[in-house]
Amino acid sequence: MTLGDGAAHIALEPSQSVVHVPLVVAIANSLASIGAVAFALTAALRYASHTNGAHAGSESRRGRRVHSEWLWIAAAMLVLVTGWIPTQLAGCAADGNLRDNLKLRAETAVAGFDPELVGRLTGTRKDLGNPVYRECKRRLVRVLMANPDCRFAYLMGRGPRGIVFLADGEPDVSQEVSLPGDVYQTPTEAMRTTLADGRATVDGPYSDQWGTWFSGFAAVRDRVTLRPVAILGLDLNASTWVLAVARARLKTMVFILLLCVVAGSFGLAQWRGYQMRVLESKRHFEDLVRASPNLVCLMDAEGRVHMLNPAGCQRLHAECEAVVGKSFLELWPEDERDRLAEAIRQGREAPTAPIEVDGPDFEGRARTYRVHFGSLSAETGSPEGVV
């Protein structure tokens, strides 16, 4: 095989990791996705808090509302954490695929170089007039043309002063070209490994005088001894690599964001439907209270009168506006208040048996009342008030 015979082996398709979008755009998109998720969760949290607290006026209900907010915050953190895990996995998978791809491309490219001819390179300035050197350089240029996302392609070998360049795919007029015999000042462990045992490796990110890179290395092996004669290196700019990983992560972020939006919209619709059913149930209950021929009094969690039905106003000979907002116990004589307070406390847990209470109406006439107490449940199922 001659150097020219290897052309078919290095005519690779351009890498799918070629990226033309600035890194800052990918970072901004990632932050925007995270911000959108946080905004959606916060909006849902505030809506739930507002709905739960629309009629709040007591310390107990405020405590339940704070508890509800903490539950929402915990749910939001759970969503973010469970979203972060697949995003990280997607980034790791993309990084692994890029490494496998770069190693495969280096191995395929190195197959186009005849180890016998590469072995004729001396790794000194004398090679500048050597036809083998010029042919190696042309082949490296073709490698770069087949891999446009790679910045450098080169051959390296051992020299008296360390690892040296044998040939470089950069044009001779480039300020970044490496001439034969130039010592590579910062050889990596991956370079040494490939040059020592011939195993193809990928290294990065690492930095040298030309920039920060991810590099794939493959050995040009002697056909008889299988020992490495030289190594071929392909350098991919680290920013291109990082951006390719960021794009893979961004796809997962967008997918999770869409799931959050769909799930959040469905949950919000369900919550609003539930709230409408609760409000409708309250309206039916209050209509029944108003139509009841008995005296019915609704109290909030603090024991203040929230509603007194028309029959109750007639029996007490009182204006409903004069009763609403007052403490229920203040409507009774002091010697009956302890007994009523205990009955109310029991009524919050379970409906009580009727007790007889003596007290005047608003016109001062003495009356005896048979009183029942029971709890009113809030949307959370915990006691909201007493009836």
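What you see is a predicted model; the values in this text were computed from it and never measured. (Residues numbered from 1 in each chain as written. Predicted model: local features only at pLDDT ≥ 70, side-chain atom pairs only at ≥ 80, totals over all residues. Heavy atoms only, no water.)

Chemist: Explain the overall build of the protein chain residue by residue, including any values.
Modeler: Along its length, the protein chain carries nine helices and eleven strands. Within the protein chain, the proportion of its 387 residues that are buried is 42%. The long-range fraction of contacts in the protein chain, counting pairs at least 24 apart against all pairs at least 6 apart in sequence, stands at 56%. Within the structure as shown, the protein chain displays about 21,200 Å² of accessible surface, and the carbon and sulfur contribution to it stands at 60%. (Helix = DSSP H or I, 4+ residues; strand = E, 2+ residues; numbered from the N terminus. Buried < 20%, exposed > 50% of the residue type's maximum accessible area, 1.4 Å probe, protein only. Contact = heavy atoms within 4.5 Å. Areas by Shrake-Rupley, 256 points an atom, 1.4 Å probe, with all protein chains shown as cover.)

Chemist: Now, about helix α4 (residues 131-146): what can you tell me, with residues and values included?
Modeler: End to end, α4 covers 23 Å across 16 residues, agreeing with the expected 22 Å (1.5 Å per residue, within 8%). The set of residues buried in α4 consists of Val132, Tyr133, Glu135, Cys136, Lys137, Arg139, Leu140, Val143, Leu144 and Ala146. The N-cap of α4, judged by a side-chain oxygen 2.9 Å from the amide nitrogen of Val132 a few residues on, is Asn130. (Expected span 1.5 Å × (residues − 1). Polar contact = N/O pair within 3.5 Å; in protein donor to acceptor, adjacent residues only side chain to side chain.)

Chemist: With reference to specific residues and values, describe a negative patch on the surface.
Modeler: Residues Glu334, Asp335, Glu356 and Asp358 make up a contiguous surface patch of negative charge. Within the residue set of the negative patch, elements represented by two or more residues are α9 (334-349) and β8 (355-360). Tracing the chain through its elements places Glu334 in helix α9. (Patch = residues over 30% accessible without salt bridge, like charges linked within 9 Å, V, L, I, M, F, W, Y side chains within 5 Å. Salt bridge = Lys/Arg side-chain N within 4 Å of Asp/Glu carboxyl O. Lys, Arg positive; Asp, Glu negative; His and termini not counted. Charge placed at Lys NZ, Arg CZ, Asp CG, Glu CD.)

Chemist: So what's going on with the sheet that holds strand β1 (residues 150-159)? Residues and values would help.
Modeler: Neighbouring strands of a sheet are bound in pairs by backbone hydrogen bonds; such pairs are parallel or else antiparallel. An order of β2-β1-β5-β4-β3 is seen for the five strands of this open sheet, with the pairing classed as antiparallel. On the outer flanks of this sheet lie β2 (162-168) and β3 (201-208), each paired with one strand and no other. In this sheet, neighbouring strand axes are inclined to one another by 35 degrees on average, regardless of whether the strands run parallel or antiparallel. One ladder, built from nine bridges, connects strand β4 (residues 211-221) with strand β5 (residues 228-237); its direction is antiparallel. Each bridged residue has a counterpart across the sheet, and for Val220 the counterpart in β5 is Ala230. The strands touched by α4 within the sheet are β1, β2 and β5, with β1 carrying the most contacts at an inclination of about 145 degrees. (Pairing = 2+ DSSP bridges. Axes fitted to C-alpha atoms, helices over the stretch in contact; angles between N-to-C directions.)

Chemist: Break down the pattern of salt bridges for me, citing the residues and quoting the values.
Modeler: For the structure shown, the criterion picks out 13 salt bridges. Ionic pairing is found between Arg120 and Glu116, a salt bridge with its closest N-O pair at 3.7 Å. In this structure, Glu280 engages Arg283 in a salt bridge whose closest nitrogen and oxygen atoms are separated by 2.4 Å. Residue Glu280 and its partner Arg283 are located together in helix α6 (residues 238-291), separated by three residues, close to a single helical turn.

Chemist: Now, about the pairing of strand β7 (residues 305-308): what can you tell me, with residues and values included?
Modeler: The pairing of strand β6 (residues 297-299) with β7 spans three bridges and is antiparallel. When the bridges of β7 are listed, Met299 appears paired with Val305. Taking the residues between adjacent antiparallel strands as the criterion, β6 and β7 are bridged by five residues, where Gly303 takes a positive phi near 85 degrees.

Chemist: Break down a nonpolar patch on the surface for me, with residues and values.
Modeler: On the surface, Val81, Trp84, Ile85 and Leu89 cluster together to form a nonpolar patch covering roughly 410 Å² of accessible area. Note that Ile85 resides in helix α2 (residues 59-110).

Chemist: An account of the packing of aromatic side chains is needed here, citing residue identities and associated values.
Modeler: Tallied over the full model, the rule gives seven aromatic pairs. Judged by centre distance (6.5 Å) and plane angle (65 degrees), the ring pair of Phe152 and Trp210 falls under edge-to-face. Residue Phe152 is located in strand β1, and its partner Trp210 is located in the loop between β3 and β4; the two are separated by 58 residues in the primary sequence. Ring centres of Tyr154 and Phe165 lie 5.7 Å apart, and the angle between their planes is 75 degrees; on these two criteria the pair is classed as edge-to-face. Of this pair, Tyr154 sits in strand β1 while Phe165 sits in strand β2; the two residues are eleven residues apart in sequence, bridging distant segments of the chain. With respect to burial, Tyr154 and Phe165 carry one shared label: buried. Members of the aromatic cluster, joined through ring pairs, are Phe152, Tyr154, Phe165, Tyr184, Trp210 and Trp213. A cation over a ring is seen here: Arg151 above Phe152, with NZ or CZ 4.3 Å from the ring centre. (Phe/Tyr/Trp six-rings, centres within 6.5 Å; stacked < 30°, edge-to-face > 60°. Lys NZ or Arg CZ within 6 Å of the ring centre and 35° of its normal.)

Chemist: Describe the environment of Asp358, listing the residues and the values that go with them.
Modeler: Following the sequence through the fold, Asp358 ends up in strand β8. Each C-alpha atom, one on Asp358 and one on Tyr369, is 6.3 Å from the other, the two residues being eleven residues apart in sequence. For Asp358, the contacting residues outside a window of four places in its chain are Trp332, Pro333, Glu336, Arg367 and Thr368.

Chemist: Report on the environment of Phe152, specifying residues and quantitative values.
Modeler: What makes Phe152 buried here is its relative accessible area of 6%. Other than its neighbours up to four places away in sequence, Phe152 contacts Leu144, Glu170, Glu176, Trp210, Trp213, Gly233, Leu234 and Asp235.

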